[in-house]
Every structure is written in structure tokens, then in C-alpha cells.
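Below are the chains, spelled out letter by letter.
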Amino acid sequence: MLSVVSCGSRNSSNSSGYAITTVSYYANKFNGKKTASGETYKHSKMTGAHKSLSFGTRVEIVNVDNDKSVIIVVNDRGPLRSSREFDLSQGAFKKIADLNDGVVKIKYKILK
């Protein structure tokens, strides 16, 4: 008999190469402010924040509830919430969900 025991984590991955987490988006007060990469944050850009991925890294983000996807470029550091891997620009978030949703469950894959 084979027994498998697993400990849960906020992120999991599956055989398709995607990891699962939750994301939210930047508040209005950040529009026009400098990001950690030195770029000016704009709601309309397809960008996001991650704690450690290199600036310029491209990431596919897919909403697991509706299968809508967007490709973002990492240009900032964050999010501050440990339960999330990314904070998205409002423009990127709106491609996959309604802003009123606030936080959504996603799967993501690093494209480079």
C-alpha cells in the first residue's frame, strides 16, 4: 500500500506548469507613482508586482473561474500580503476579472 502525505501551501503547481495563488490590483493612489524598477506606474499598462522575479519577466496570469488570461511584465515589488504572489495593474486585472471582485484565484506560468 502506498500512502502520500502532503502539506498545503498558498501556492501549488500542477503538471501543466502552472502555480495557483490569488491576486489583487493597485489602488488608485499609485497611478503616476514610480515603481521599484523606476518606471512610472500606469493603470492601463499590463504590469504587476512580485516579491522576487526579475524586472521584465513576463508572466501569464489566468483566472481559474472564467479562464480569461493576460500576460503581464513584472516592474515592481510586492505584494505586501503574504497570501498573494502578484499585485496587478488595474488594466491587467480588468482583462481577467471585474475590479469589484477585489481578489481572485489565478493560475500563473512564468514565460520569461
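Calculation criteria
Residues numbered from 1 in each chain as written. Predicted model: local features only at pLDDT ≥ 70, side-chain atom pairs only at ≥ 80, totals over all residues. Heavy atoms only, no water. Helix = DSSP H or I, 4+ residues; strand = E, 2+ residues; numbered from the N terminus. Buried < 20%, exposed > 50% of the residue type's maximum accessible area, 1.4 Å probe, protein only. Contact = heavy atoms within 4.5 Å. Phe/Tyr/Trp six-rings, centres within 6.5 Å; stacked < 30°, edge-to-face > 60°. Salt bridge = Lys/Arg side-chain N within 4 Å of Asp/Glu carboxyl O. Pairing = 2+ DSSP bridges. Core = buried A, V, L, I, M, F, W, Y, C linked by side-chain atoms within 4.5 Å.

Undergrad: Would you take a moment to explain the environment of Ser-83 for this structure?
TA: With respect to the helices, strands and loops of the structure, Ser-83 is situated in the loop between strand 5 (69-76) and strand 6 (84-88). According to the relative accessible area criterion, Ser-83 is partly exposed, its value standing at 40%. Distance from Ser-83 to Val-23, taken between C-alpha atoms, is 8.7 Å for residues 60 residues apart in sequence.

Undergrad: How should the side chain of Asp-87 be read in this particular structure?
TA: Note that Asp-87 resides in strand 6. When near neighbours in sequence (up to four residues on either side) are disregarded, Asp-87 contacts Ser-24, Tyr-25, Tyr-26, Thr-47, Gly-48, Ala-49 and Pro-79.

Undergrad: I would appreciate a short explanation of the packing of aromatic side chains in the present structure.
TA: Centre-to-centre distance and the angle between the planes together describe a pair of aromatic rings. Applying the stated criterion across every chain, the model contains 4 aromatic pairs. Between Phe-86 and Tyr-108, the aromatic rings sit 4.9 Å apart at their centres with planes inclined by 75 degrees, giving edge-to-face as the arrangement. Residue Phe-86 is located in strand 6, and its partner Tyr-108 is located in strand 7 (residues 104-110); the two are separated by 22 residues in the primary sequence. Taken individually, Phe-86 and Tyr-108 each receive the classification buried, so the pair is uniform in this respect. Here the aromatic residues Tyr-26, Phe-30 and Tyr-41 are joined through ring pairs into a cluster of three or more.

Undergrad: Sorry, what's going on with the pattern of salt bridges here?
TA: Side-chain pairs of opposite charge can arise where the charged atoms are in close proximity. Overall, the coordinates contain 1 salt bridge when judged by the stated rule. Between Arg-84 and Asp-87 there is a salt bridge, with its nearest N and O atoms 3.6 Å apart.

Undergrad: For this particular structure, what's the right way to read the pairing of strand 6?
TA: Extensive coverage of strand 6 is indicated by the burial of 5 of its 5 residues. With 4 bridges connecting them, strand 2 (residues 19-25) and strand 6 associate as parallel partners. In the strand pairing of strand 6, Tyr-25 is matched with Leu-88. As paired strands, strand 3 (residues 47-49) and strand 6 are joined by 2 bridges and run antiparallel to one another. Within the sheet, the bridge partner assigned to Gly-48 lies in strand 6 and is Leu-88.

Undergrad: How do you make sense of the nonpolar core when you look at a structure like this?
TA: Across soluble globular proteins, nonpolar side chains have a tendency to be buried as a group. Among the nonpolar cores identified, the biggest contains 17 residues, and Val-23, Val-59, Ile-61, Ile-72, Phe-86, Leu-88 and Ile-96 are the most heavily contacted of them. If sequence neighbours within four positions are ignored, Leu-88 has contacts with Val-23, Ser-24, Tyr-25, Tyr-26, Thr-47, Gly-48, Ile-61, Ile-72, Phe-93 and Ile-96.

Undergrad: Would you explain the environment of Gly-38 in this entry?
TA: With respect to the helices, strands and loops of the structure, Gly-38 is situated in the loop between strand 2 and strand 3. Between the alpha carbons of Gly-38 and Asn-75 there is a distance of 8.2 Å; along the sequence they are 37 residues apart.

Undergrad: Can you help me understand the side chain of Ser-89 in this one?
TA: Mapped onto the elements, Ser-89 comes out in the loop between strand 6 and helix 1 (90-96). Classification of Ser-89 by relative accessible area gives buried; the value is 0%. Excluding residues that lie within four positions of it along the chain, Ser-89 makes contacts with Tyr-25, Tyr-26, Tyr-41, Lys-42, His-43, Lys-45, Met-46 and Thr-47.

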